[in-house]
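# Examination of the molecular architecture
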Amino acid sequence: MKTLSLVALVSCAWVIALASTATADTKKIAIVAWRGCEEACQGFQDYFVERSHPVEFTIYDAAQDKIRLPMILAEIRAAETDLILTWGTTVTLGVAGTLETQGASDLNNDIPQVFMIVADPVGSGIVRSLDETGRPNVTGTYNRMPETVTLQTIRNFMPSVRHIGLLFNTDEKNSIIKRDELALLAREQGLEFTSLEIAIGADGKPKAEDIAIKMVKLKEAGVEFVYVGSSSFLQSHAADLGDAARETGLPVLSPYEDMVRQGGALMSVAARYQDVGNLAGKQAEKILFENIPAGNLPVLRMKDFALTINMSVANALNIYPPIGLLQIAEIVD
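Notes on the structure in this doc start here. (Residues numbered from 1 in each chain as written. Predicted model: local features only at pLDDT ≥ 70, side-chain atom pairs only at ≥ 80, totals over all residues. Heavy atoms only, no water.)

We now examine the nonpolar core. Counting residues in each nonpolar core, the largest one holds 62 residues, and the members touching the most others are Ile 29, Phe 44, Ile 211 and Met 215. At 7 residues, helix α10 (residues 273-289) tops the list of elements feeding residues into this core. Beyond its immediate chain neighbours, meaning those up to four positions away, Met 215 contacts Leu 167, Val 226, Leu 241, Ala 244, Ala 245, Thr 248, Leu 250 and Val 252. Judged by nonpolar contacts, the second largest core, of 29 residues, contains Ile 164, Leu 191, Leu 266 and Val 313. (Core = buried A, V, L, I, M, F, W, Y, C linked by side-chain atoms within 4.5 Å. Buried < 20%, exposed > 50% of the residue type's maximum accessible area, 1.4 Å probe, protein only. Helix = DSSP H or I, 4+ residues; strand = E, 2+ residues; numbered from the N terminus. Contact = heavy atoms within 4.5 Å.)

In terms of residue burial, strand β3 (residues 27-33) counts as a mostly covered element, since 5 of its 7 residues are buried. Strand direction decides the pairing type here: β3 and strand β4 (residues 55-61), joined by 7 bridges, are parallel. Following the sheet pairing, Lys 27 is matched in β4 by Val 55. Tracing the backbone out of β3, into helix α1 (residues 39-50) and back to the parallel element β4 gives a crossover that is right-handed. (Pairing = 2+ DSSP bridges. Right-handed = clockwise from strand over helix to strand, strands pointing away.)

So, on to the packing of helix α6 (residues 210-220) against helix α8 (residues 238-248). Remark: α6 packs on α8, axes separated minimally by 9 Å, with the N-to-C direction vectors making an angle of 35°. Relative to α8, α6 is oriented so that their crossing is right-handed. Residues Ile 211, Ala 212, Met 215, Val 216 and Lys 219 of α6 lie in contact with α8, whose contacting residues are Asp 240, Leu 241, Ala 244, Ala 245 and Thr 248. Broken down by class, the residue content of the contact of α6 with α8 amounts to 7 nonpolar, 1 polar and 2 charged. (Axes fitted to C-alpha atoms, helices over the stretch in contact; angles between N-to-C directions. Left-handed = near helix turned anticlockwise from the far one by under 90°. Nonpolar A, V, L, I, M, F, W, Y, C, P; charged D, E, K, R; others polar.)

Moving on: α8. Burial in α8 covers these residues: Ala 238, Leu 241, Gly 242, Ala 244, Ala 245 and Thr 248. Relative to the axis of α8, the buried residues are bounded by an arc of 165° and lie together on one face. Structural note: α8 exposes Ala 239 and Glu 247 on the side pointing more than 90 degrees away from its buried face. Taken together, the buried residues of α8 touch β8 (163-168), α6, α7 (232-236), β11 (252-254), α9 (257-261) and α11 (311-317). (Arc of directions from axis to C-beta.)

Per the stated rule, a full pass over the model turns up 13 salt bridges. The salt bridge partner of Lys 214 is Asp 210, with a shortest N-O separation of 2.8 Å. Taken together, the positions of Lys 214 and Asp 210, both in helix α6 and 4 residues apart, correspond to about one turn of that helix. Taken individually, Lys 214 and Asp 210 each receive the classification buried, so the pair is uniform in this respect. A cluster of three or more residues bridged by salt bridges with shared partners is formed by Arg 144, Glu 147, Lys 178 and Glu 181. (Salt bridge = Lys/Arg side-chain N within 4 Å of Asp/Glu carboxyl O.)

Moving on, we get to the environment of Val 91. Topologically, Val 91 is positioned in helix α3 (residues 89-96). Looking at Val 91, the relative accessible area reads 1%, which means it is buried. Residues Val 91 and Val 118, spaced 27 residues apart in sequence, show a C-alpha to C-alpha distance of 9.3 Å. In contact with Val 91, not counting residues within four places along its chain, are Val 32, Ala 33, Trp 34, Leu 69 and Thr 86.

Looking now at helix α5 (residues 173-188). The first and last C-alpha atoms of α5 sit 23 Å apart over 16 residues, in line with the 22 Å expected at 1.5 Å per residue. Of all the positions in α5, only Asn 174, Ser 175, Ile 177, Lys 178, Leu 182, Leu 185 and Ala 186 are classed as buried. Across the axial projection of α5, the buried residues extend over an arc of 155°, all falling on one side. Looking at the packing, one finds that the buried side of α5 touches α3, α4 (147-157), β8, β9 (192-197) and β10 (225-227). (Expected span 1.5 Å × (residues − 1).)

Structure, rendered in structure tokens:
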């Protein structure tokens, strides 16, 4: 069996290779991560390992700092990379830009690129549509459940709910897009909707200490259920959100399963990140080993989603799932 081994440390990147298969024909793949190599990143690599493809991975971690992205792209170009995988909306925009900005010299316009974990690739302007990207070198995956299902899941859990709340951060475009989408959808469904912005600090990043403050304000506004929306910041501060949820007695639904497993949210409806990484691997395989141009590939959609409920959080909030949900959910403590 071929295994992944650490080969070298290059500036902000870790180079990982299939040492036993590294040859002149080995394909070089750059993975640009936002907050380190997590389950989706690992799932992408596993896809190639399981198929014994001759590939070499270089993982560049932006460490939640978009200022690093131009430097990372320059390093990727210098390495004569065959394909770029980008994780998240901010990273994808920083590397490929939008339909309107494509062609700019500081963006990737030639290296085949696959994106994943992008909340709304059409709404953020990365692609024209999921069927036709409008970008000769860009395609990706789409892993989000329709937000109509999100609201229906909340209603299934709490049939009496009338007021939904959301926290968002303006330094992530995807967070703003989801706020706007939820506001419109809630209005169409006759739900009251309150969204609050997490304060930005002097460093230009959201302030973790503001999460608890804004959760209290949501409670005071009459919110009955909180939705995370799309926010890498909130995902990385799941513990702070969980503490605030218990203090205010507000249940939280997250699109990130790890937030439920870590106790930061009550439940999630989400695609497994490992599976998302595998799907992105399938896209990259078509480009690298079937010679299909990235721009000819539609964005692949996830079809399988999981409902996960944390019963420890439910007990702490003194709010219990209906039997119907328990029968289809994965329960964690």
